[in-house]
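# Summary of the model geometry
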There are 2 protein chains.
Amino acid sequence: MPPTRHQTIKDVAERAQVSTATVSRVINRTGKVHAKTAARVTRALEELGYVPNAWARAMATDGSDLMGLIVPDILNPFFAAIYSGLNETAKHRGLAVWMVDSGDNPEKERQALHMLGRYRAQGIIITPAHPAANLAAIERIGTPVCLVDRRLAKNLWDLVLIDNVNGARQAAQLFVAAGHQRIAIIAGPQDSTPGVERLQGFVDALAAEGLDMPPEYIKFGDFRQESGFSLARELLALDAPPTAIFSCNNLMTMGLLQAIHSYPGAALGETVAVIGFDDIPISTLTDPPLTVVSRPMKEMGVQAAKLITARMEAPEKPQETVVLGPQLVIRGSEKIAGLLRWI
Amino acid sequence: MPPTRHQTIKDVAERAQVSTATVSRVINRTGKVHAKTAARVTRALEELGYVPNAWARAMATDGSDLMGLIVPDILNPFFAAIYSGLNETAKHRGLAVWMVDSGDNPEKERQALHMLGRYRAQGIIITPAHPAANLAAIERIGTPVCLVDRRLAKNLWDLVLIDNVNGARQAAQLFVAAGHQRIAIIAGPQDSTPGVERLQGFVDALAAEGLDMPPEYIKFGDFRQESGFSLARELLALDAPPTAIFSCNNLMTMGLLQAIHSYPGAALGETVAVIGFDDIPISTLTDPPLTVVSRPMKEMGVQAAKLITARMEAPEKPQETVVLGPQLVIRGSEKIAGLLRWI
DNA sequence: GATGTGTCTGTAAACGATAACAAGGAGAGG
DNA sequence: CCTCTCCTTGTTATCGTTTACAGACACATC
């Protein structure tokens, strides 16, 4: 292959015997162009296989048509689904979405913010790694910002949230309805809003049912599989192990299942019941299949796209929060054989 | 927040009482600048919170420092791992990676190629959705291209491949060693190289062991979970169902497990044994845990980064192919209780 | 024929950065 | 004191695109 330089609008102009302004007018359908001239330009465009240069355009128009999405874990289906919803909606508005992984790590997140700044993203959708770590950097961003799933220490930005309290409450009530008395929770980190809210909702709902949670039934993980595994083993090793465990995110649920599976004498649906927060691909493969609190993940991305494009058009409009409701998907793992409901 | 325009190099120059050239020199450490001047510039840089404009830089230097990665499925951990390896290696070389999802769909892939072209990506790493659909478009790309995991109809580009034949052979031999006679395969689409090679390797290896595969034991799926599920049910419903099934990718393996789980009388490790191609998060959670042919996914991304950066420096060097070896991870699901090894 | 009104097209100045070139000043050597 | 170098800095053209402005022409109207 010859070292083909990219064709420019100038090359097209020459070949079509017009000025670059006219070519630009044809490409963008702005301004009047005689049909015959337009045809000549279009032909030149095609013959040369012209591909517009997005940066040059961005520089001239002061708009990159680029949106950044920063997620803590590209591997987590939850964030992949958000990307999917965001991307589809953004594409309709002529915007491209660049997804970057922060690894849930403030330093990498800082780098990601900086990179998207350099490429002049016109809007940033982010699930922050930490409620305060990059607060200053985020405040300094000159473009619209929309937070998804997690809040920041300051309430300055549009938000797409899930009603975590409500989701956790539904899980708690289902456990109680299934007859459980010894109910434990593997909670998330308490410096993240979902971590706090899910714990809160769960504990409060049990209290409302007259059940107090002893401290040894409340374990704090870090939303990773490994912590779900080890904390679950701690719970199973108690003198009076819980008969029901609520796990506060999908990865920890994986670890929890692994722990139950490998723990002598423990068996899902027999000695211990489980409800997880967020669906996972294996939900339907366990025995019994897994009951989970499920979130409208893709819809979260769609809403984020709407919020941020709205703000791009009206930067000074009041801050807006969209709260979506989670839904309990009951598949069976919330019960154990030994406990009978007497309804 | 005030509608802060981005600071430019000119703003910095004014504040530091120097010319834009000097600022540029300080930023890029090119050319000599007096220590005192440099300090003044650095201070201005910080005080204004200057963020360089990547496009303007790209236009002036004719280099976007941008690489594109096009994958058929962002949700598949396999591709997420490739991204991870690619990204880390690229970052060391000052390159940013933009991952785009083609949905394994030639039309969306075409759009992705076009988008990366507009943003003047300096290299494209791609797992093509189809061996020929976008061949012309890919040939027209003016920048280095590296194919990962799948070939194209023409052999013009650097390649990172897995020895699929070898991986499938190992699976076949393990089944035979475990005493199986009735061995089936859920193969991938035959218009993709991995699909062809894994089938080929498996069938040939069995033939070498003196086992012919009857046609009803060879099912063709599309690498999605749903096809794994339905094809597995077809196999289980045969008059003489297989005692061993090899599933040619991770998603179909999920479907296969689901089918076994839900099929009356079928049980993993008792009536039917399974080996999957590619590891999955639940491999260790099934009972027995899953035996799989595992690939060095992250390493594939690293190799792709190396190939493409090498080609960016020497565009005319001969085409190069890197073949990485898969590894059999034996966990137990390749056997069934009924069959005893007599070694 | 002078004037006005469109329609169409070209000229040239941005946008934000880099880099080739030029030029000023300081110090060294004669 | 003149000249030669070297160090440091500024001037300016350039990258590919858009767009405000102006100009050229055709046609209609009075």
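Just so it is clear, the structure is predicted and the values come from calculations on it, not from any experiment.

## What about the protein's contact with DNA strand D?
Within the structure, DNA strand D sits among 24 residues, and Ile 9, Ser 24 and Tyr 50 of chain A together with Ser 19 and Thr 37 of chain B are positioned closest to it. What you see for DNA strand D is that sugar and phosphate hold 69% of its atoms within 4 Å of the protein. Residue Tyr 50 of chain A places a side-chain N or O atom 2.4 Å away from a phosphate oxygen belonging to DNA strand D. Between a phosphate oxygen of DNA strand D and a main-chain N or O atom of His 34 of chain B, the distance comes to 2.9 Å. Looking at the surface near DNA strand D, the elements with two or more residues in it are α2 (20–28) and α4 (54–61) of chain A together with α2 (20–28) and α4 (54–61) of chain B. When its residues are assigned to classes, the surface near DNA strand D shows 11 nonpolar, 10 polar and three charged.

## Here's the deal with the domain arrangement of chain A
Residue and element names in this part refer to chain A. Assigned domains within chain A: domain 1 (9–52), domain 2 (64–162 + 297–326) and domain 3 (164–294). Computed from C-alpha atoms alone, the centre-to-centre distance between domain 2 and domain 3 is 29 Å. Listed by partner, the interface residues are 13 residues for domain 2 and 16 residues for domain 3. Each partner contributes to the roughly 1100 Å² buried at the junction of domain 2 and domain 3, and carbon and sulfur atoms together form 47% of this total. Seen at the junction of domain 2 and domain 3, the total is one salt bridge. Of the charged contacts, one joins Arg 151 and Glu 197 as a salt bridge, the two residues approaching to 4.0 Å between their closest N and O atoms. The interface formed by domain 2 and domain 3 includes three residue pairs in polar contact (both at pLDDT 80 or more). Of the residues assigned to the side of domain 2 that touches domain 3, the class counts are five nonpolar, three polar and five charged.

## Some thoughts on the packing of helix α1 (residues 9–16) of chain B against helix α3 (residues 35–48) of chain B
Residues and elements named next belong to chain B. Look at α1 against α3: their axes get within 9 Å of each other, and the N-to-C directions meet at 125°. Taken as axis vectors, α1 and α3 run oblique relative to one another. Every pair of crossing elements has a handedness; the one defined by α1 and α3 is right-handed. Here Asp 11, Val 12, Arg 15 and Ala 16 of α1 lie close against α3, whose contacting residues are Arg 40, Val 41, Ala 44, Leu 45, Glu 47 and Leu 48. When grouped by side-chain class, the residues that make up the contact of α1 with α3 number six nonpolar, no polar and four charged.

## Re the relation of the copies chain B and chain A
Two chain copies, one operation linking them: a rotation about an axis together with a shift along it. When chain B is fitted onto chain A, the two copies agree to an RMSD of 0.1 Å after a turn of 180° and an axial shift of 0.1 Å. On this basis, the relationship between the two copies can be described by a two-fold rotation axis. When C-alpha positions in chain B are compared against the rotation axis, the closest is assigned to Trp 55 of chain B, at 2.6 Å. Same-surface contact between copies: 100% of interface residues of chain B are shared with the interface of chain A.

## Focus on the side chain of Asn 164 of chain B
Residues and elements named next belong to chain B. Locating Asn 164 in the fold gives a position in helix α8 (residues 164–177). At 2.9 Å, the side chain of Asn 164 and the side chain of Glu 197 are in polar contact. In this view, Asn 164 contacts Pro 194, Glu 197, Arg 198 and Phe 277; residues no more than four positions away in its chain are not counted.

## Looking at the protein's contact with DNA strand C
With respect to spatial proximity, 25 residues lie near DNA strand C, and among them Thr 37 of chain A together with Ile 9, Ser 24, Asn 28 and Tyr 50 of chain B are the closest. Within the backbone of Ile 9 of chain B, one N or O atom sits 2.3 Å away from a phosphate oxygen of DNA strand C. Among the secondary structure elements, those contributing two or more residues to the surface near DNA strand C are α2 and α4 of chain A together with α2 and α4 of chain B. Broken down by element, the surface near DNA strand C gets its largest block of residues, five residues, from α4 of chain B. Considering only residue class, the surface near DNA strand C consists of 12 nonpolar, 10 polar and three charged.

Basis of the calculations
- Residues numbered from 1 in each chain as written.
- Chains lettered and ligands numbered in written order.
- Predicted model: local features only at pLDDT ≥ 70, side-chain atom pairs only at ≥ 80, totals over all residues.
- Heavy atoms only, no water.
- Near = heavy atom within 4 Å.
- Polar contact = N/O pair within 3.5 Å; in protein donor to acceptor, adjacent residues only side chain to side chain.
- Helix = DSSP H or I, 4+ residues; strand = E, 2+ residues; numbered from the N terminus.
- Nonpolar A, V, L, I, M, F, W, Y, C, P; charged D, E, K, R; others polar.
- Domains from an automatic or database assignment.
- Contact = heavy atoms within 4.5 Å.
- Buried area = accessible area lost by both parts, 1.4 Å probe.
- Salt bridge = Lys/Arg side-chain N within 4 Å of Asp/Glu carboxyl O.
- Axes fitted to C-alpha atoms, helices over the stretch in contact; angles between N-to-C directions.
- Parallel < 35°, antiparallel > 145°, perpendicular 65-115°, else oblique.
- Left-handed = near helix turned anticlockwise from the far one by under 90°.
- Least-squares fit on C-alpha atoms with pLDDT ≥ 70 in both.

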